Amino acid sequence: MDTAPNNTLERWLTGPRFGSLPSPSSLPAPKLSFEFFPPKNEKLEADLWTCIRRLEPLGPRFVSVTYGAGGSTRARTHDTVARLARETSLTPAAHLTCVGATREEVDEVARAYWEAGVRHIVALRGDPPAGASQYTPHPGGYAQAEDLVRGLRRIADFDISVGAYPEVHPAALSADADLDFFKRKMDAGANRAITQYFFDTDVYLRFLDRCHAAGITLPIVPGIMPVTNFASVKRFSAMCGASVPAWLEKLFEGLDEDEGTRRMVAATVAAEQVRILQANGVDEFHFYTLNRPDLTYAIAHILGARPTAAA
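Let me sum up the structure you'll find in this document. Only a predicted model underlies this, so the values are computations on that prediction, with no experimental measurement involved.

Below, the discussion takes up the overall build of the protein. A tally of regular secondary structure across the protein gives 11 helices and 8 strands. In terms of overall size, the protein behaves like a compact globule, its C-alpha atoms giving a radius of gyration of 21 Å where 311 residues would be expected to give roughly 19 Å. Taken over 311 residues, the protein has a buried fraction of 45%. Element-wise, carbon and sulfur atoms account for 53% of the exposed surface of the protein, whose accessible area totals about 15,900 Å². Averaging the positions of the 33 positive and the 37 negative side-chain charges in the protein gives two centres separated by 2 Å.

See the structure below:
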């Protein structure tokens, strides 16, 4: 005898029941930080500062400014970070890498940041210069991020963030080797890690389990990438080792020429991702803004963030 439900009402009544996520009003607004990239020309510089001024009232814990492959944006990064320190209420964090410079040159940049009032450094190994297929340490430079962290600790009492890869760094020999590299960075004197973006929350939560088992107890802040251009994110993800789940591709299917709907989908996906992580006890998030403020602002609003009284 066929006992399967034979109509909609029976399916509703006999199917599994799922509890809802906590109401946004029942959770405190998460602690947020934002990442920007330095401008390449005057038009992009104006866009960047529009982005900064739009997000500044949300009172993020800090805002970081990226460093191009091979140190290609070193001067622009420094100028942007120094201006953030001078002209805004924000706490700027400067990306600093090991690529293409001696220890003395990197140390000089770090000291210049300290003198400009910048106290937070995001210490990274860095990507190979354009045209290079793999990373090669500079003969007189810091070989890896852990060496850079130790160097920064010798210079001043910086607040130091490092990178983490929940899905394994693309150049790592294995997941265990990657975790060992990560632990050495943390043990060298980092204050926290910020992860590469991911889309399945289980990826991050399983990574936390592995880190805890390895004795890593410092904060590991999840990086959140709101998707506005799915094709572009898919290409970049293939290079940086971040998986793109089939369900995400399905959500953006047929929206190549519909920017408005893409933005609504992006806000929904990112807000749901953060809320699931909040339900699992995570209370701090780092947003990769791509210098596009409105989408990040909307997601932050959904999550309960509001302009601070001082803004």
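There's more to say after this.
Note that Thr195 resides in strand β6 (residues 192–197). Beyond its immediate stretch of four places on either side in the chain, Thr195 contacts Ala164, Pro166, Tyr204, Ile220, Val221, Pro222, Gly223 and Tyr288.

Let's shift gears to the environment of Arg119. Mapped onto the secondary structure, Arg119 falls in the loop between α4 (103–115) and β4 (120–124). Spatially, the C-alpha atoms of Arg119 and Leu255 are 42 Å apart, while their sequence positions differ by 136 residues. In this structure Arg119 touches Tyr113, Trp114, Phe158 and Asp159, once residues within four positions along its chain are discounted. A polar contact is formed between the side chain of Arg119 and the backbone oxygen of Trp114, at a distance of 2.6 Å.

Counting residues in hydrophobic clusters, the biggest one holds 85 residues, and the most contacted among them are Leu96, Leu152, Val162, Phe182 and Phe287. Here this core gets 8 residues from one element, more than from any other, and that element is helix α10 (residues 259–279). When neighbours within four sequence positions are excluded, Phe182 is seen to be in contact with Val162, Gly163, Ala164, Ala193, Phe207, Cys211, Ile216 and Ile220.

Turning next to the packing of aromatic side chains. Two descriptors summarise a pair of aromatic rings, namely the distance from one centre to the other and the angle between the planes of the rings. Here the structure, examined in full by the defined rule, presents 6 aromatic pairs. Consider the rings of Phe182 and Phe207, whose centres lie 5.8 Å apart with planes at 35°: the pair is tilted. Of this pair, Phe182 sits in helix α6 (residues 175–187) while Phe207 sits in helix α7 (residues 201–213); the two residues are 25 residues apart in sequence, bridging distant segments of the chain. What makes Phe182 buried here is its relative accessible area of 5%. Residue class for Phe207 comes out buried when judged on its relative accessible area of 4%. For the pair Tyr197 and Phe199, a centre-to-centre distance of 5.4 Å together with 55° between the ring planes defines the contact as tilted. The two residues Tyr197 and Phe199 agree in class, both being buried. An aromatic cluster is present here, built from Tyr197, Phe199 and Phe236 joined pairwise through their rings. The positively charged end of Arg184 is found above the aromatic ring belonging to Phe181, 4.6 Å away from the centroid.

It is worth spelling out the pairing of strand β5 (residues 159–164) at this point. When you tally the buried positions in β5, you get 5 out of 6 residues, the bulk of the element. Pairing of β4 with β5, which is carried by 4 bridges, proceeds in the parallel orientation. Opposite His120, over in β5, you have Asp159 as the bridge partner. In the sheet, β5 pairs with β6 via 4 bridges, with the strands oriented parallel. Of the residues in β6, the one forming a bridge with Val162 is Ala193.

Taking 1.5 Å per residue as the helical rise, helix α2 (residues 42–55) with its 14 residues ought to reach 20 Å, and the 20 Å between its terminal C-alpha atoms agrees with that figure. Where α2 is buried, its residues touch β1 (31–36), α3 (74–87) and α11 (293–302).

Turning to the sheet that holds strand β2 (residues 63–65), a few remarks are in order. Spatially, the 8 strands close up into a barrel ordered β1-β2-β3-β4-β5-β6-β7-β8, and their pairing is parallel. The average angle at which neighbouring strand axes cross in this sheet is 30°, direction not considered. Packed on one face of the sheet, α3 meets β2 and β3 (92–97) and runs near 160° to β3. Sitting on the sheet, α4 touches β3 and β4, and the angle it makes with β3 is about 175°.

Attention shifts here to α3. For α3, spanning 14 residues, the distance from its first C-alpha to its last is 20 Å, which sits close to the expected 20 Å at 1.5 Å a residue. Taken together, the buried positions of α3 are occupied by Thr77, Thr80, Val81, Ala82 and Leu84. Buried positions along α3 lie against α2, β2, β3 and α4.

Let's shift gears to a nonpolar patch on the surface. Residues Leu9, Trp12 and Leu13 make up a contiguous nonpolar surface patch of roughly 390 Å² in combined accessible area. By the secondary structure assignment, Leu9 is in helix α1 (residues 8–14).

Right, let's talk about the pattern of salt bridges for a bit. Any two side chains of opposite charge can pair, on the condition that their charged atoms come close. One pass over the full model with this rule turns up 19 salt bridges. Between Lys43 and Asp47 there is a salt bridge; the shortest N-O distance is 2.7 Å. Linking Lys43 with Asp47, this pair stays in helix α2, spanning 4 residues, or about one helical turn. Connected through salt bridges with shared partners, the residues Glu146, Asp147, Arg150, Asp180 and Arg184 form a single ionic network.

Analysis parameters
Residues numbered from 1 in each chain as written. Predicted model: local features only at pLDDT ≥ 70, side-chain atom pairs only at ≥ 80, totals over all residues. Heavy atoms only, no water. Helix = DSSP H or I, 4+ residues; strand = E, 2+ residues; numbered from the N terminus. Rg over C-alpha atoms; globule rule 2.2 N^0.38 Å. Buried < 20%, exposed > 50% of the residue type's maximum accessible area, 1.4 Å probe, protein only. Areas by Shrake-Rupley, 256 points an atom, 1.4 Å probe, with all protein chains shown as cover. Lys, Arg positive; Asp, Glu negative; His and termini not counted. Charge placed at Lys NZ, Arg CZ, Asp CG, Glu CD. Contact = heavy atoms within 4.5 Å. Polar contact = N/O pair within 3.5 Å; in protein donor to acceptor, adjacent residues only side chain to side chain. Core = buried A, V, L, I, M, F, W, Y, C linked by side-chain atoms within 4.5 Å. Phe/Tyr/Trp six-rings, centres within 6.5 Å; stacked < 30°, edge-to-face > 60°. Lys NZ or Arg CZ within 6 Å of the ring centre and 35° of its normal. Pairing = 2+ DSSP bridges. Expected span 1.5 Å × (residues − 1). Axes fitted to C-alpha atoms, helices over the stretch in contact; angles between N-to-C directions. Patch = residues over 30% accessible without salt bridge, like charges linked within 9 Å, V, L, I, M, F, W, Y side chains within 5 Å. Salt bridge = Lys/Arg side-chain N within 4 Å of Asp/Glu carboxyl O.

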